[in-house]
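# Tertiary structure, described
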Amino acid sequence: MITIDSLDQGAQLELTLTGRVSRDDYEGILIPAIETALTDHDHLRVLVLMDKAFEGFDLGAAWADFQMGLTHWRGFDRIAVVAQAGWIQTGVRIMAPLMPCPVQLFAVTEPDAARRWLRQSLGTVHMERLASGVLQVQMMGKLDPQALARAEEGLDAHIHTTGRFRLLLDLRQFE
C-alpha cells in the first residue's frame, strides 16, 4: 500500500510504503499524484519511507515503477529513501548513480534527517567584493532554485550599491 502526503505546495511528496505494493497502488495512487504535482512544478523532491511493515513490490509494481521512471525521468529534483531492508538499501546504492538527480539513502531511524536533506540546498553561491571593485561569484555544487534566487538578490544589491557591473565568475566546482 502507498500513502502520499504533499508538502511545500506540492513540490515535495512524502510516500509511505507498507505491506506489499502492487501495480494497482502505482496506477491508482502514485502515478496520478506525481503527474498532478508535475503539472504545477517542473521538479519534485520525493521522500520514500519504507518501514518494517514493508514487504516489497509485486512484479506489476516493479514494472510500473520502471515505466514511471522512464516517463518522468527528468521530473525529480532529488529523492530520499528511508529503508531498513538490506535488499532495498543495496538496490538504492546500485541505482543511485544512474539516476538523473541526487538520491540519498537513510536508515529507518533517520526520517527527519531525510526531510532536512530534501529541504536544504545541495550547492552554494559565495560572493566576495574584491579590492578592484569586481564582484567574485563562486558557484559550487548543484544549485536549487532557492540558492539561485538568493544569489540573484545579492547580485542585484551589488549592482545597486556600486552602480557598475564587473564580475568574475568561478565555475570550477559547479555541477
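Described below are features of the structure shown in this document. (Residues numbered from 1 in each chain as written. Predicted model: local features only at pLDDT ≥ 70, side-chain atom pairs only at ≥ 80, totals over all residues. Heavy atoms only, no water.)

### So, the overall build of the protein
Scanning the protein for helices and strands turns up five helices and eight strands. Shown N-terminal to C-terminal, the secondary structure of the protein runs as helices and strands in the order β-β-α-β-α-β-α-β-α-β-β-α-β. Expected size for 175 residues packed as a compact globule is a radius of gyration near 16 Å; at 20 Å, the protein overshoots this value by more than 25%. The C-alpha extent of the protein, read off along each of the three principal axes, is 65 × 30 × 25 Å. Considering the protein as a whole, with its 175 residues, one finds that 37% of them fall into the buried category. A fraction of 70% describes how many contacts in the protein between residues 6 or more apart in sequence connect residues 24 or more apart. Accessible area for the protein stands at about 10300 Å²; split by element, carbon and sulfur atoms hold 55% of it. Computed over 16 positive and 23 negative side-chain charges, the inter-centroid distance for the protein is 9 Å. (Helix = DSSP H or I, 4+ residues; strand = E, 2+ residues; numbered from the N terminus. Rg over C-alpha atoms; globule rule 2.2 N^0.38 Å. Buried < 20%, exposed > 50% of the residue type's maximum accessible area, 1.4 Å probe, protein only. Contact = heavy atoms within 4.5 Å. Areas by Shrake-Rupley, 256 points an atom, 1.4 Å probe, with all protein chains shown as cover. Lys, Arg positive; Asp, Glu negative; His and termini not counted. Charge placed at Lys NZ, Arg CZ, Asp CG, Glu CD.)

### Here's the deal with the sheet that holds strand 3 (residues 44-57)
Strands sit in the order 1-2-3-4-5 across an open sheet of five strands; the sheet is mixed. Looking at strand neighbours, the two that pair on one side only are strand 1 (2-7) and strand 5 (103-106), the edges of this open sheet. Within the sheet, the average angular offset between the axes of one strand and its neighbour, ignoring direction, is 15°. Bridging between strand 1 and strand 2 (residues 12-21) involves six bridges; their strand directions are antiparallel. Following the sheet pairing, Leu7 is matched in strand 2 by Gln12. Its contacts with the sheet place helix 3 (residues 86-95) against strand 3, strand 4 (76-83) and strand 5, and it is angled at close to 150° to strand 3. (Pairing = 2+ DSSP bridges. Axes fitted to C-alpha atoms, helices over the stretch in contact; angles between N-to-C directions.)

### A closer look at the sheet that holds strand 7 (residues 135-141)
With respect to topology, three strands assemble into an open sheet ordered 6-7-8, the strand pairing being mixed. Both edges of this open sheet fall to strand 6 (124-129) and strand 8 (167-174), since each of them pairs with a single strand only. Recorded for the sheet is a direction-independent mean angle of 15° between the axes of neighbouring strands. On the sheet, helix 5 (residues 145-162) packs against strand 6, strand 7 and strand 8 and is oriented at approximately 15° with respect to strand 6.

### Section: helix 4 (residues 111-119)
Restricting attention to buried positions, one finds in helix 4 the residues Ala114, Trp117 and Leu118. Taken down its axis, helix 4 places every buried residue within 100° of arc, on the same side. Every exposed residue of helix 4 that faces more than 90 degrees away from the buried side is listed here: Asp112 and Arg119. Buried residues along helix 4 sit against strand 2, strand 3, strand 4 and strand 5. (Arc of directions from axis to C-beta.)

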